[in-house]
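Examination of the molecular architecture
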Amino acid sequence: MRASLLALALLAVTALAQDPALDKRVAGLAHELRCLVCQNQTLADSNAPLAVDLRNQIREQLKGGASEREVIDFMVARYGDFVLYRPPFKASTLALWLGPFVLLALGALLLVRRLVRRRAPEPQLSEAERARAAKLLE
């Protein structure tokens, strides 16, 4: 009983000690960074253990006085541009930005090429068939 009361009191003190402004800054950065495990979710959306650790690391850095830019620079230095949910447009990320458009263009080109080849060729009439058609048209 005493242990559960102590745990409840510790939980209440921890909840009250949280800074709402810090929470907002952490959430903002967590929405800018990609979960390295899930890859299609931001750190804010992911419940993976690594995402939780990275959110805690962001919180500790911000609590230690680092700016948002410094935290992002730290994450990029550690994990590369992939950690950014919206990577910058530069030579190393060119494939990320242009790849979908190139694939779309190639798909459209292949579709058009296939449709053109699919057209039925005009029927070739023999001389006897031409003569018969001309006779019918007279």
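Conventions adopted
Residues numbered from 1 in each chain as written. Predicted model: local features only at pLDDT ≥ 70, side-chain atom pairs only at ≥ 80, totals over all residues. Heavy atoms only, no water. Helix = DSSP H or I, 4+ residues; strand = E, 2+ residues; numbered from the N terminus. Buried < 20%, exposed > 50% of the residue type's maximum accessible area, 1.4 Å probe, protein only. Contact = heavy atoms within 4.5 Å. Areas by Shrake-Rupley, 256 points an atom, 1.4 Å probe, with all protein chains shown as cover. Axes fitted to C-alpha atoms, helices over the stretch in contact; angles between N-to-C directions. Parallel < 35°, antiparallel > 145°, perpendicular 65-115°, else oblique. Left-handed = near helix turned anticlockwise from the far one by under 90°. Nonpolar A, V, L, I, M, F, W, Y, C, P; charged D, E, K, R; others polar. Patch = residues over 30% accessible without salt bridge, like charges linked within 9 Å, V, L, I, M, F, W, Y side chains within 5 Å. Salt bridge = Lys/Arg side-chain N within 4 Å of Asp/Glu carboxyl O.

1. Structural notes on the overall build of the protein chain
- Tallying secondary structure elements over the protein chain gives six helices and zero strands in all.
- Taking all 138 residues of the protein chain together, the buried fraction comes to 20%.
- For the protein chain, the share of sequence-separated contacts (at least 6 apart) that also reach a separation of at least 24 residues comes to 43%.
- Total accessible area computed for the protein chain in this model is approximately 10900 Å², and 63% of it derives from carbon and sulfur atoms.

2. What about the packing of helix α2 (residues 20–32) against helix α3 (residues 49–63)?
- At their nearest, the axes of α2 and α3 sit 10 Å apart, and the two run at 130 degrees to each other. Classified by the angle between their axes, α2 and α3 sit oblique to one another. Here the hand of the crossing between α2 and α3 comes out right-handed. On the side of α2, the interface is formed by L22, D23, R25, V26, L29 and A30, while α3 contributes R55, I58, R59, L62 and K63.
- Residues of the contact of α2 with α3, tallied by class, amount to six nonpolar, no polar and five charged.

3. Side note on a nonpolar patch on the surface
- Together, F89, L94, L96, W97, L98, F101, V102, L103, L106 and L109 line one region of the surface with nonpolar side chains, adding up to about 1000 Å² of accessible area.
- With respect to the helices and strands, the residue W97 is situated in helix α5 (residues 94–118).
- What makes W97 partly exposed here is its relative accessible area of 36%.

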